[in-house]
Amino acid sequence: MPQPVRKAVFPVAGLGTRSLPATKSVPKEMMTVVDRPIIQYAVDEARAAGIELFIFITSRGKTAIEDHFDQQFELYHTLQQRGKDAQLAEARGSELPTGQFCFVRQPEPMGLGHAVWCARHIIGDDPFAVLLPDEVFLSRTPLLKQMIETYNEVGGNVVAVREVEPALTSRYGILDPAGAGDGIVVPARGMVEKPAPADAPSTLSIVGRYLLQPDVLDHLDQAVKGAVAGAGGEIQLTDAMAKTLGGHPFHGMRFEGERYDCGDRADFVAANLAFALARTDIEAPVRAAAHRMLDSGVAGPQKQAV
Ligand code: UTP
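As the structure is a computational prediction, the values presented were derived from the model and not from experiment.

Analysis parameters
Residues numbered from 1 in each chain as written. Predicted model: local features only at pLDDT ≥ 70, side-chain atom pairs only at ≥ 80, totals over all residues. Heavy atoms only, no water. Helix = DSSP H or I, 4+ residues; strand = E, 2+ residues; numbered from the N terminus. Rg over C-alpha atoms; globule rule 2.2 N^0.38 Å. Buried < 20%, exposed > 50% of the residue type's maximum accessible area, 1.4 Å probe, protein only. Contact = heavy atoms within 4.5 Å. Lys, Arg positive; Asp, Glu negative; His and termini not counted. Charge placed at Lys NZ, Arg CZ, Asp CG, Glu CD. Salt bridge = Lys/Arg side-chain N within 4 Å of Asp/Glu carboxyl O. Disulfide = S-S within 2.5 Å. Pairing = 2+ DSSP bridges. Axes fitted to C-alpha atoms, helices over the stretch in contact; angles between N-to-C directions. Parallel < 35°, antiparallel > 145°, perpendicular 65-115°, else oblique. Left-handed = near helix turned anticlockwise from the far one by under 90°. Phe/Tyr/Trp six-rings, centres within 6.5 Å; stacked < 30°, edge-to-face > 60°. Near = heavy atom within 4 Å. Polar contact = N/O pair within 3.5 Å; in protein donor to acceptor, adjacent residues only side chain to side chain. Areas by Shrake-Rupley, 256 points an atom, 1.4 Å probe, with all protein chains shown as cover. Nonpolar A, V, L, I, M, F, W, Y, C, P; charged D, E, K, R; others polar.

**Examining the overall build of the protein**
- In terms of regular secondary structure, the protein is built from 11 helices and 13 strands.
- A compact globule built from 306 residues should have a C-alpha radius of gyration of about 19 Å, and the protein, at 20 Å, falls within 12% of that.
- Principal axes of the C-alpha set define a box for the protein whose edges measure 60 × 45 × 40 Å.
- Taken over 306 residues, the protein has a buried fraction of 44%.
- Long-range contacts, defined as pairs at least 24 residues apart, comprise 76% of the intrachain contacts of the protein with a sequence gap of at least 6.
- Of note, the protein has its 30 positive side-chain charges centred 4 Å away from the centre of its 38 negative side-chain charges.

Rendered as structure tokens:
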């Protein structure tokens, strides 16, 4: 059995420029899908997978995230006094255990690789997970749990992958598979960040969930030193992961479930609809409203050009 994964990194220091104006003063990770901020979906997914230390990579203007996972005495007190037990339980549900979560500042958004590098002293020599919170997944088994099950069998590094349209490879990190594996778990011999369709080694895109061995941090360290020396640009996690190949095994894992990128406007709206339809308390009215709008074309006359 490989060493258990107990630490998870949540990079939340990005600018969220694709989601403006919503993200002008509200962190993208605090935008809500149905009734909870998107960061809470990632944290709950990590909890369900057995994560015990939650490391947030944060930046200026993101303190709402810290407050969300902390206690809120005034609110709890008021809810208690008013006998609102269900609401109190909801509010307390997002608390993380004392001493098991921390926030590390990334002074400048120098890329995902740089964000993960900021956690290097807390990760130490342990395997760790990275969850990009703007990607939410609707699945029967939480995605990170699916990955841990695979990791327990194959060890090393495991990244979640899914097929994309050939024309869209330039938006993603793309896996270079070394064979088909068992059709679900695919061994990797390489990976490329955002290749043009003609240069893409496959159409298997790496989504925002990673289980990594700590040696990737050495490669990030070299990349950061290179950048300080004048190479410039963002520090890519994919490049550092590619450099670890040949050491520990590296697998892509196709997963059960749907992915929504909340940084994309249409996907964010779709995520709200999908998660609402998956909730027994509001499914019926949401379904009825969606049908009404689609059947009667009610949204048509009010269309606004943006
Ligand atoms: P994205 O590229 O999707 O987020 O990074 P972004 O940069 O905030 O969004 P846009 O493109 O400007 O709209 C994925 C995750 O990685 C974090 C982001 O906060 C997001 O959760 N990130 C990205 C960092 O923490 N630091 C970075 O330097 C870059």
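**Observations regarding the pattern of salt bridges**
- In total, this model carries 19 salt bridges according to the counting rule given.
- Put simply, aspartate 44 and arginine 47 hold a salt bridge, and the shortest N to O gap is 3.4 Å. Placement of the pair is aspartate 44 and arginine 47 together in helix 1 (residues 38-48), with a separation of three residues, close to one helical turn.
- Taking the relative accessible area as the measure of exposure, aspartate 44 reaches 29% and is therefore partly exposed.
- Where aspartate 281 meets arginine 279, a salt bridge forms, and the shortest distance between an N and an O atom there is 2.9 Å.
- According to the relative accessible area criterion, arginine 279 is partly exposed, its value standing at 22%.

**Some details on the environment of histidine 248**
- Note that histidine 248 resides in the loop between helix 9 (237-244) and strand 12 (250-254).
- Taking C-alpha positions, histidine 248 is 7.8 Å from glutamine 213, a pair spaced 35 residues apart along the chain.

**Examining the side chain of histidine 251**
- Checked against the element boundaries, histidine 251 lands in strand 12.
- Residues within four places of histidine 251 in sequence aside, it is in contact with Val154, Asn157, Val158, Val159, Val185, Val186, Pro187 and Ala188.

**Points about the state of the cysteines**
- By the definition in use, this model includes zero disulfides.
- Left unpaired, cysteine 102 is separated from the closest cysteine sulfur, that of cysteine 118, by 12 Å.

**Points about the pairing of strand 12**
- Along strand 12, four of the five residues are buried, which leaves the element largely enclosed by surrounding structure.
- Where strand 8 (residues 157-163) and strand 12 come together, five bridges link them in parallel fashion. Paired with valine 158 across the strands is histidine 251, a residue of strand 12.
- Relative to strand 12, strand 10 (residues 185-193) runs antiparallel, the two sharing three bridges. Across the sheet, proline 187 pairs through a bridge with histidine 251, a residue of strand 12.

**Concerning the packing of helix 3 (residues 73-81) against helix 4 (residues 85-92)**
- Axis separation between helix 3 and helix 4 bottoms out at 8 Å; the angle between their running directions is 160°. By the angle class used here, helix 3 and helix 4 are roughly antiparallel. Every pair of crossing elements has a handedness; the one defined by helix 3 and helix 4 is left-handed. Listed contacts from helix 4 to Leu75, Tyr76, Leu79 and Gln80 of helix 3 are Gln87, Leu88, Ala91 and Arg92.

**A word on unusual backbone geometry**
- Geometrically, the link from leucine 20 to proline 21 is a cis peptide bond, its omega value of 5° lying close to zero.
- Inspection of the secondary structure assignment puts proline 21 in the loop between strand 1 (7-11) and strand 2 (32-33).
- Even without being glycine, valine 34 reaches a positive phi, approximately 60°.
- Look at valine 34 and you get partly exposed, because its relative accessible area is 24%.
- With a phi close to 45°, lysine 194 is a non-glycine residue in the positive phi region.
- Along the chain, lysine 194 falls in the loop between strand 10 and strand 11 (204-212).

**Concerning the packing of aromatic side chains**
- Considering all chains together, one arrives at eight aromatic pairs under this definition.
- On the basis of an interplanar angle of 15° and a centroid distance of 6.1 Å, the ring pair of phenylalanine 10 and phenylalanine 54 is categorised as stacked. In this pair, phenylalanine 10 sits in strand 1 while phenylalanine 54 sits in strand 4 (residues 53-58), placing the two residues 44 residues apart along the sequence.
- Residue class for phenylalanine 54 comes out buried when judged on its relative accessible area of 1%.

**A short note on the site of the ligand**
- Around the ligand, 17 residues are found, and the nearest of them are Gly14, Thr17, Arg18, Gln106 and Gly111.
- In this structure, methionine 110 approaches the ligand through a main-chain N or O atom, which is 3.2 Å from an oxygen atom.
- For the ligand, the protein covers 83% of the area, taking 570 Å² as the surface of the free molecule.
- Of the residues belonging to the shell around the ligand, the class tally is eight nonpolar, five polar and four charged.

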